[in-house]
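The lines below spell out each chain.
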Amino acid sequence: MELIRNDFKEEIKSAKMFFKSISNIKDVDTQYMMYSSMVLILYNIIESTTSKILARLHDEIIRQCDNGLKYHDFNGNIKTVIYKSNCINQSGRKFNFNHLESLKIKPFKPDDEYGKFHLNGNVDAKRIKEIFEEYGISELKCGLCDKLYQLKLDRQKLAHGNQTFTEYGQRTSKEDIQRYLQSVRGTLFNAINNAETYINKRYFEKNNSSQL
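Now for a look at the structure at hand. Numbering of residues starts from 1 in each chain and follows the order in which that chain's sequence is written. Local features in this predicted model are restricted to residues whose pLDDT is 70 or higher, and side-chain atom pairs enter the listing and the counts only when it is 80 or higher, whereas totals over whole chains, interfaces and linings include all residues. Hydrogens are left out, water is left out, and the side-chain values use all remaining heavy atoms of the structure.

### Brief notes about the environment of Q163
Formally: Only DSSP runs of H or I with at least four residues qualify as helices, and only runs of E with at least two residues qualify as strands; both kinds are numbered from the N terminus onward. What makes two residues a contact is simply this: any of their non-hydrogen atoms within 4.5 Å.
Locating Q163 in the fold gives a position in the loop between α5 (147–159) and α6 (165–170). The contacts of Q163, once residues within four sequence positions are left out, are K157, L158, Y168 and R171.

Structure below.
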């Protein structure tokens, strides 16, 4: 998880440098476009960091399975995830429940149907909380978490061509972007820390319990 945290710090550092450079641009239209670019940069950080966290969690559970943990050793949340990852796409086929103990969680893929993660273009604080709840990870606590929802909507406007970069920038202030930056930083640091605690304290095991 330390690698994820370090990557996140570097991405935030780069975003801050880009944001700071906007003030040095004299052309107003270019400033507008850079505000729009900041929205895409920040949203990409949210999505990539969330994916890395879940991939790390899945890798840890796979490692524990390889070390001898069985289906019955995991808590109810992880049992559900393991079951979905193996069985949800077996419609039309009869599942042999005698095989439950040999089931293993699959590597995390953002577009995999079983998890219903839908990370592509659809991540905000509420979505991260829902995903964390599915695993039994502690709830996010961040004073600016709610700003991620508007950031997601703004990103969708730009990505789908509903607004040009210039049009969006004209309706956006430096303070708006600053709040988005603070929200991304606070929310994702909280998410990384909660996931790290979950893994280190082995809250994915049946005999342990996460402090939700």
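### Things to note about the nonpolar core
Going by this rule: To form a nonpolar core, buried Ala, Val, Leu, Ile, Met, Phe, Trp, Tyr and Cys residues must be joined to one another through side-chain atoms within 4.5 Å. Residue exposure (1.4 Å probe, protein chains only): buried if accessible area is under 20% of the type maximum, exposed if over 50%, otherwise partly exposed.
If you look at the biggest cluster of nonpolar residues, it comprises 58 residues, and the most contacted ones within it are L42, I46, Y135 and V184. Those residues in contact with V184 that sit more than four places away from it in its chain are F8, I12, L42, I45, I46, L148 and L151.

### Notes on the packing of aromatic side chains
Selection criterion: Paired rings are identified among Phe, Tyr and Trp, the last through its six-membered ring, by centres lying within 6.5 Å, and are further divided according to the angle between planes into stacked (under 30 degrees), edge-to-face (over 60) and tilted (the rest).
For the structure on display, the rule yields 4 aromatic pairs. Relative to F189, the ring of F8 has its centre 5.0 Å away and its plane inclined at 85°; by these criteria the two rings are edge-to-face. Linking F8 in helix α1 (residues 2–22) with F189 in helix α7 (residues 174–200), this pair joins segments that are 181 residues apart in sequence. Neither residue differs from the other here; F8 and F189 are each classed as buried. Ring geometry for F74 against F204: centres 6.2 Å apart, planes inclined by 40°, an arrangement best described as tilted. A residue pair is termed long-range when its members are at least 10 positions apart, and F74 in the loop between α2 (28–66) and α3 (76–87) and F204 in the segment after α7 qualify at 130 residues. Each member of the pair, F74 as well as F204, is classed as buried.

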